Structures are given as C-alpha cells and as structure tokens.
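Examining the three-dimensional arrangement
Residues per chain are reported as follows:
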Amino acid sequence: MQLAQVLDVIEALFRAAAHPEIEAVERFGAGTVPGGPSPAGVRIRYGDGALAYLWGAIWPQETDLPVPDVLPPPAGRRPDRVAVLAVMLLDAARPAAFRSWQLVALADLGPGGERGKAPRGVRIVCADGTSLLLRATAAGGPDRAPSQEPYPDYRIPSGLSAALSSGLSAG
C-alpha cells in the first residue's frame, strides 16, 4: 500500500468523525514515500487556529503505547491529541485496508520529562503487509488552546466504518 492510500483513509476518518473542534481536514506535501524533502500528510485545523499534522515519517525508535480512554487536553498536547484521536478513530472504523495500528512514542520527542514517552505517532500495518509511520506534529494558533477538554460529550459516530467506506469510494 502506498503512503497516499494510507493518507486517504486517515483523511476520510477525520472528515467522517465530525469532531466539533475540527474546522478543516486537508492534505499537504508532495512526497510519495515517508520522509523526504516534502513529506505528505493530513493537516487538521482547529477552531482556535491551531494546526496538527499526521505525516509519513521515518524514525529510528518507537515505543508502543496504550490508548488512553480520553483525549489529552489541547493546550500543549496537540500532537498527542491528534495521534490519540487517529487511533481511536481507527479502533472504531477498523478499516479493511489496515491489518493493525498502534499508538507510539518516538525517541527524543515529547514535552520535557516525557521525551520518548508521549504519543507522537501512529504505526500502521496495511493489509498487504506494508508498514508506515505517521508522525504527529502541531503548530499553535492565535487563540489560547483550552487546558481542559472542550468537548467532553463528543462521541465517535457509530456509523464511522460505513462513512469511511463511502468517503473513500467518492474520492
């Protein structure tokens, strides 16, 4: 499976999730393989102007992490938040194109005291055996991000798998 096909699934999941915090989901980069000078990925724009990215990367060391029950708060944790939400969406949709996925920490990344222990990526193993890492990064916006969960009542839509299928066939 190619990076672009993995990103198609991730983009469709974030669109179908209809999370009230997310204003836009779009693709960026021209890379066709992880890494390189113009890495390809999915950009998430939030209502407070912040951006989060999931992009094809190569990293020297990963550590599997358990998926928390709740999303990390937005303030100072946007990369963690987007990676955790991606895995929660994958768990709900269980796309046939993927064999497995895992939330991962990446060596030397994360806030002070948590380097190499914070969720900064998603390892995806595709149905054909291809394995790709999506690294999570973020950029703050003009407005201060909330330090508490701004949407505690949000639930992943129950029909996410069907929405994912129709979103991919339409694209």
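Structure shown above.
First, a word on what this report is: a plain description of the structure on this page. Computed from a prediction, not measured in an experiment: that's the story for all the values here. (Residues numbered from 1 in each chain as written. Predicted model: local features only at pLDDT ≥ 70, side-chain atom pairs only at ≥ 80, totals over all residues. Heavy atoms only, no water.)

Quick look at the overall build of the chain now. Across its full length, the chain holds three helices and seven strands. Mapped in sequence order, the helices and strands of the chain form the string α-β-β-β-β-α-β-β-β-α. Taken over the C-alpha trace, the chain has a radius of gyration of 15 Å; the compact-globule value for 171 residues is 16 Å, and the two agree within 12%. Overall size of the chain, expressed as C-alpha extent along the three principal axes, is 40 × 35 × 30 Å. (Helix = DSSP H or I, 4+ residues; strand = E, 2+ residues; numbered from the N terminus. Rg over C-alpha atoms; globule rule 2.2 N^0.38 Å.)

This brings us to the sheet that holds strand β3 (residues 51-57). Pairing is antiparallel in the open sheet, where seven strands are placed in the order β1-β2-β3-β7-β6-β5-β4. Looking at which strands have only one partner, the edges of the open sheet turn out to be β1 (22-28) and β4 (62-64). If you compare each strand with its neighbour and ignore which way they point, the axes differ by 30° on average. By the bridge criterion, five bridges tie strand β6 (residues 119-126) to strand β7 (residues 131-139) in an arrangement that is antiparallel. Counted as the bridge partner of Ile124 is Leu132 from β7. Lying on the sheet, helix α1 (residues 3-17) is in contact with β1, β2 (41-46), β3, β5 (98-106), β6 and β7; it crosses β1 at an angle near 170°. The sheet contacts of helix α2 (residues 78-93) involve β1, β2, β3, β5, β6 and β7, and relative to β6 the element is tilted by about 30°. (Pairing = 2+ DSSP bridges. Axes fitted to C-alpha atoms, helices over the stretch in contact; angles between N-to-C directions. Contact = heavy atoms within 4.5 Å.)

Any two side chains of opposite charge can pair, so long as their charged atoms come close to each other. Overall, the coordinates contain 13 salt bridges when judged by the stated rule. For Arg15, the salt bridge is made with Glu11, and the minimal N-O distance between the two is 3.0 Å. Residue Arg15 and its partner Glu11 are both found in helix α1; the two are separated by four residues, about one turn of the helix. For Arg15, a relative accessible area of 48% corresponds to the partly exposed category. Given the relative accessible area of 15%, Glu11 is considered buried. The closest approach of N and O atoms between Arg123 and Glu62, which form a salt bridge, is 2.3 Å. Highlighted residues: Arg123 in strand β6 and Glu62 in strand β4, separated in sequence by 61 residues. (Salt bridge = Lys/Arg side-chain N within 4 Å of Asp/Glu carboxyl O. Buried < 20%, exposed > 50% of the residue type's maximum accessible area, 1.4 Å probe, protein only.)

A few words on the side chain of Thr137. Relative to the assigned elements, Thr137 resides in strand β7. Reaching out from Thr137, the side chain makes a polar contact with the side chain of Trp55 at a distance of 3.1 Å. Those residues within four positions of Thr137 in sequence are excluded, and the remaining contacts are Leu51, Ala52, Tyr53, Trp55 and Pro79. (Polar contact = N/O pair within 3.5 Å; in protein donor to acceptor, adjacent residues only side chain to side chain.)

Attention now goes to the packing of aromatic side chains. Applying the stated criterion to the full structure yields one aromatic pair. With a centroid separation of 5.4 Å and 85° between ring planes, the pair formed by Phe28 and Tyr53 is classed as edge-to-face. Taken together, the positions of Phe28 in strand β1 and Tyr53 in strand β3 put the pair 25 residues apart, joining distant regions of the chain. Among the residues examined, Phe28 registers a relative accessible area of 18% and is labelled buried. Judged by its relative accessible area of 16%, Tyr53 falls in the buried class. Of note, Arg78 hangs over the ring of Tyr46, and the distance from its end group to the ring centre comes to 4.0 Å. (Phe/Tyr/Trp six-rings, centres within 6.5 Å; stacked < 30°, edge-to-face > 60°. Lys NZ or Arg CZ within 6 Å of the ring centre and 35° of its normal.)

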